[in-house]
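What follows is the residue order along each chain.
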Amino acid sequence: MAEEVCHTGGCHCGAVRFKVWAPPVLQAVDCNCSVCVKKGNIHFVVPESKFELLQGKDNLTTYTFNTGVAKHTFCKTCGVQSFYRPRSNPDGYGVCPHCLDKGTVERVEISKFDGDQWESAIVDSDIPTRSKIQ
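Report on the accompanying structure. (Residues numbered from 1 in each chain as written. Predicted model: local features only at pLDDT ≥ 70, side-chain atom pairs only at ≥ 80, totals over all residues. Heavy atoms only, no water.)

### Let's talk about the overall build of the protein chain
In step 1: The helix and strand inventory of the protein chain stands at two helices and ten strands.
In step 2: For 134 residues, the compact-globule formula gives about 14 Å, and the C-alpha radius of gyration of the protein chain, at 14 Å, lands near that figure.
In step 3: Taken along its principal axes, the extent of the C-alpha atoms in the protein chain is 35 × 35 × 20 Å.
In step 4: Of the contacts formed within the protein chain by residues at least 6 apart in sequence, a portion of 59% connects residues at least 24 apart.
In step 5: When the accessible area of the protein chain is evaluated, it comes to approximately 7,300 Å², of which 51% is carbon and sulfur surface.
In step 6: Distance between charge centres in the protein chain, computed from 15 positive and 15 negative side chains, equals 6 Å. (Helix = DSSP H or I, 4+ residues; strand = E, 2+ residues; numbered from the N terminus. Rg over C-alpha atoms; globule rule 2.2 N^0.38 Å. Contact = heavy atoms within 4.5 Å. Areas by Shrake-Rupley, 256 points an atom, 1.4 Å probe, with all protein chains shown as cover. Lys, Arg positive; Asp, Glu negative; His and termini not counted. Charge placed at Lys NZ, Arg CZ, Asp CG, Glu CD.)

Here is the structure:
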């Protein structure tokens, strides 16, 4: 298991702030499902226990569609989604690396996921295991 560091981040206006424990080299996903394409949602997944919302709970609003499992949270003020609950990992968080503060990320390695064909693509993916503590 890679050594983890504490990353901090938040939305554009600063109303929402969080911290997340993850390696300095992030394994992110670039999904091509309808909502991820529209948002440019590149994200990495962590277990719920490695994520802490520091401020802004009352400033978050949520969008759901299709199965309703994914909870796409975003700041009511600036509209930025800095994290969300992905359908693939409802027991964890998808965190957007571009919303992390500078200084703790060494690099972001991005893999493609065919979310446009979600049901068949998830079967052969390790993504559902990413919210499990290894």
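There is more to say, and it comes next.
### Things to note about the state of the cysteines
In step 1: Evaluation of the coordinates by the stated rule reveals zero disulfides.
In step 2: There is no disulfide at C13, and the cysteine sulfur nearest it, in C75, is 3.7 Å away.
In step 3: Unpaired in terms of disulfides, C33 finds its nearest cysteine sulfur in C36, a separation of 3.6 Å.
In step 4: According to the relative accessible area criterion, C33 is buried, its value standing at 13%. (Disulfide = S-S within 2.5 Å. Buried < 20%, exposed > 50% of the residue type's maximum accessible area, 1.4 Å probe, protein only.)

### Let's talk about the sheet that holds strand β2 (residues 17-22)
Whenever strands of a sheet pair, they do so through backbone hydrogen bonds, lying parallel or antiparallel.
In step 1: With respect to topology, three strands assemble into an open sheet ordered β1-β2-β5, the strand pairing being antiparallel. Strand pairing shows two members of the sheet lacking a second neighbour, β1 (5-10) and β5 (51-55), which therefore form its edges. The average angle at which neighbouring strand axes cross in this sheet is 25°, direction not considered.
In step 2: As paired strands, β1 and β2 are joined by six bridges and run antiparallel to one another. What sits directly across from G10, in β2, is R17. (Pairing = 2+ DSSP bridges. Axes fitted to C-alpha atoms, helices over the stretch in contact; angles between N-to-C directions.)

### Some words on the pattern of salt bridges
In step 1: Counted under the stated rule, the structure contains seven salt bridges.
In step 2: When the shortest N-O distance is used, the salt bridge between R107 and E109 registers 2.9 Å.
In step 3: Judged by relative accessible area, which is 30%, E109 ranks as partly exposed.
In step 4: If you follow the salt bridges from partner to partner, you end up with E106, R107 and E109 in one network. (Salt bridge = Lys/Arg side-chain N within 4 Å of Asp/Glu carboxyl O.)

### Quick look at the side chain of S82
In step 1: Residue position: S82 is located in the loop between β7 (72-75) and β8 (83-84).
In step 2: Classification of S82 as buried rests on a relative accessible area of 2%.
In step 3: For S82, the contacting residues outside a window of four places in its chain are G10, C11, V16, F18, G94, V95, C96 and C99.

### Here we look at the sheet that holds strand β9 (residues 92-95)
In step 1: Read across the sheet, five strands follow the order β8-β9-β4-β3-β10 without closing on themselves; strand pairing throughout is mixed. Strand pairing shows two members of the sheet lacking a second neighbour, β8 and β10 (107-113), which therefore form its edges.
In step 2: Direction of pairing for β8 relative to β9: antiparallel, over a ladder of two bridges. Across the sheet, Y84 pairs through a bridge with G94, a residue of β9.

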